[in-house]
Amino acid sequence: MKRRDIFIFVPQPGKAIEAKAYLGDWLRSLGEHPGYLGGSVLEETAGELLPDTLVMLLEFESTEAARALWPKIENTVNPLYPDDKSDKSPDQGTAFFDGSTDLNYTRGNGLLARMLHIHAAVADEFSTEPAGVR
């Protein structure tokens, strides 16, 4: 069963272009990981969230393939884990609802605040694209 991991980030003010490039480059750097099917960087466009909110999607052929990646990256600078490995602070998604803009940019060498993450197995899927077309 396929697995998709979803991460929502807010870049440091004035760093949105750099953050988008960083996330895209990071997704591409995972290309050789067994079972990694690719990913996407999306930008929020309706103005309903904090400015420059970004969503990063990773797709794996299985939960096992996704889990095999985490030990390989947990001690590196990356968008998923805090730069300071002793940092156990929670995601900052409450800022979307409480109006806070005092974020801690603790990911990707201080570039990103991680707001929320979701690890999800695909329960149902529909596509209008012919099989094998993406």
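Please refer to the structure placed before this passage.
Residues numbered from 1 in each chain as written. Predicted model: local features only at pLDDT ≥ 70, side-chain atom pairs only at ≥ 80, totals over all residues. Heavy atoms only, no water.

> What should I look at first to understand the nonpolar core in this one?
When a protein is soluble and globular, its nonpolar side chains tend to lie buried together. Residues F7, F9, W26, M56, L58, F60 and L80 are the most contacted members of the largest nonpolar core, which totals 20 residues. Looking at this core, the elements that each hand over two or more residues are β1 (3-11), α1 (16-29), β3 (54-60) and α2 (63-73). Ranked by residues supplied to this core, first place goes to α2 with 5 residues. Those residues within four positions of L80 in sequence are excluded, and the remaining contacts are F7, F9, W26, M56, W70, I73, R107 and R114. In terms of nonpolar packing, the next biggest core, distinct from the first, is built from 9 residues, V10, V55, A95 and L103 among them. (Core = buried A, V, L, I, M, F, W, Y, C linked by side-chain atoms within 4.5 Å. Buried < 20%, exposed > 50% of the residue type's maximum accessible area, 1.4 Å probe, protein only. Helix = DSSP H or I, 4+ residues; strand = E, 2+ residues; numbered from the N terminus. Contact = heavy atoms within 4.5 Å.)

> I would appreciate a short explanation of the side chain of N78 in the present structure.
Tracing the sequence through the fold places N78 in the loop between α2 and α3 (95-98). Engagement of the side chain of N78 in a polar contact is seen with the backbone oxygen of T76, the distance being 3.0 Å. One polar contact links the side chain of N78 to the main-chain amide nitrogen of L80, over a distance of 2.7 Å. Ignoring any residue separated from it by four or fewer positions in sequence, one finds N78 in contact with Y22, W26, I73, D83, R107 and G108. (Polar contact = N/O pair within 3.5 Å; in protein donor to acceptor, adjacent residues only side chain to side chain.)

> What should I look at first to understand the sheet that holds β3 in this one?
Strand pairing in a sheet relies on backbone hydrogen bonds, with the paired strands running either antiparallel or parallel. What the 4 strands build is an open sheet, ordered β2-β3-β1-β4; its pairing is antiparallel. Strands at the two margins of the open sheet, each flanked by one partner only, are β2 (36-43) and β4 (112-121). Each adjacent strand pair in this sheet contributes to an overall mean axis angle of 15°, direction not counted. Sheet analysis places β2 next to β3, joined by 7 bridges and oriented antiparallel. If you follow G38 over to β3, its bridge partner there is E59. Across the sheet, α1 lies against β1, β2, β3 and β4, angled at about 5° from β3, the strand it touches most. Across the sheet, α2 lies against β1, β3 and β4, angled at about 45° from β1, the strand it touches most. (Pairing = 2+ DSSP bridges. Axes fitted to C-alpha atoms, helices over the stretch in contact; angles between N-to-C directions.)

> What's the story with the pairing of β3 in this structure? I'm lost.
Note on strand geometry: in a regular strand, side chains alternate between the two faces of the sheet. With respect to burial, β3 is a largely interior element, 6 of its 7 residues being buried. As judged from the 7 bridges shared by β1 and β3, these two strands associate in the antiparallel manner. Its bridge partner being in β3, I6 is matched across the sheet by L57.

> Quick question: what am I supposed to make of unusual backbone geometry here?
Where the residue is not glycine, phi is negative for most of them; where a peptide bond is considered, it is trans in most cases. Not every positive phi belongs to a glycine, and D52 is a case in point at roughly 70°. Inspection of the secondary structure assignment puts D52 in the loop between β2 and β3. In this model, N109 sits at a positive phi of 60°, which is unusual for a non-glycine residue. Take N109: it is sitting in the loop between α3 and β4.

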